[in-house]
Amino acid sequence: MSAPPYKEPENLKARIKESYDAIAPEYNAWTIAHSPVRLEYLDRLIALLRPAPSDLASPDGPSPAPLRILELGCGAGLPVTGRLLQELAPVHVTGNDISTSQLDMARQSLGVHGEKVADGVTTKVDWVESDMMTLSFPDATFDAVLGMYSVIHLPREEQAEIIKRIAQWLKPGTGYFLANFAENPMPGIVMKNWLHEKGWMFWSGWGVDGTEAKLADAGLEKVISKVEPDSVDKSNFHWVVARKPAAT
Ligand SMILES: C[S@@+](CC[C@H](N)C(=O)[O-])C[C@H]1O[C@@H](n2cnc3c(N)ncnc32)[C@H](O)[C@@H]1O
């Protein structure tokens, strides 16, 4: 007899939002030690988006065009959103998160909506508080979409759906997706006191083969697909960089 289909917890999104609103300071203090792997992959993405001048055919060419970046579940914006703004300028980053507290902290660290011009180079950041599943953008809007430790909070049917949407939002030929996923298939797990007594939390995933299949189904090409041990915990994550191929 086959197992009954997994039923996700009720009010899932509201409970995740409520938890991150309550535990944001604890999460952000805890996650600092976990930054090395995330920053290693971020730097790989940055190198794909903004090659070093020495790697360019004509390094003295015109100033680079502004990049459009979407960060899903950006949290409090440090270190990742801050590094995107610093390293990719000129750039326009849209930072999305479901948690009011996380985005309040991001605004405090990195500024409110709007543009900054320093040395003639423009950076712009805007913050969008919502479930990432409610976002909508025209096709081919973004040079990159990131989801660091955030897409894993969606039920896995939604993970498959957001991968398809991300593929639509990326620019053909030059658009990249960077995210980490669960190493092993899991329909859904809940922890009731993650990092804090108010830290009710949910994660799910398709596992390495399943996530690779979802990326391929969405028409994304594999650039990197690797399981990495965390620098602190025993937990492993499946790290992915995928590219939207040029339109044929
Ligand atoms: C583990 S934290 C990661 C934060 C940040 N990306 C980082 O690397 O530190 C997960 C973040 O995803 C956000 N999140 C969870 N579910 C979300 C959803 N459905 N839509 C948007 N953000 C979500 C949480 O509020 C939280 O800030």
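Note that this is a predicted model, so its numbers are computed, not measured.

## Some points on the site of the ligand
Phase 1: Close to the ligand lie 21 residues; Y27, R38, G73, D97 and M132 are nearest.
Phase 2: The separation between an oxygen atom of the ligand and a polar side-chain atom of D97 is 2.5 Å.
Phase 3: Interatomic distance of 2.8 Å between a backbone N/O atom of M132 and a nitrogen atom of the ligand.
Phase 4: Calculation on the ligand without its partners gives an accessible area of 590 Å², and the protein chains cover 97% of this total.
Phase 5: Per-element tally for the shell around the ligand: the top contributor is helix α1 (residues 12-31), with four residues.
Phase 6: Looking at the shell around the ligand residue by residue, the class counts come to nine nonpolar, eight polar and four charged.

## Thoughts on the pairing of strand β10 (residues 236-243)
Phase 1: Counting buried residues in β10 gives six out of eight residues, a clear majority hidden from the surface.
Phase 2: With seven bridges joining them, strand β6 (residues 176-182) and β10 adopt antiparallel strand pairing. Residue pairing in the sheet places N180 in a bridge with W239 of β10.
Phase 3: Sheet analysis places strand β9 (residues 221-229) next to β10, joined by eight bridges and oriented antiparallel. By the bridge assignment, I224 is partnered in β10 with V241.
Phase 4: Here β9 folds back onto β10 in antiparallel fashion, the turn holding six residues.

What counts, and where the lines are drawn
- Residues numbered from 1 in each chain as written.
- Predicted model: local features only at pLDDT ≥ 70, side-chain atom pairs only at ≥ 80, totals over all residues.
- Heavy atoms only, no water.
- Near = heavy atom within 4 Å.
- Polar contact = N/O pair within 3.5 Å; in protein donor to acceptor, adjacent residues only side chain to side chain.
- Areas by Shrake-Rupley, 256 points an atom, 1.4 Å probe, with all protein chains shown as cover.
- Helix = DSSP H or I, 4+ residues; strand = E, 2+ residues; numbered from the N terminus.
- Nonpolar A, V, L, I, M, F, W, Y, C, P; charged D, E, K, R; others polar.
- Buried < 20%, exposed > 50% of the residue type's maximum accessible area, 1.4 Å probe, protein only.
- Pairing = 2+ DSSP bridges.

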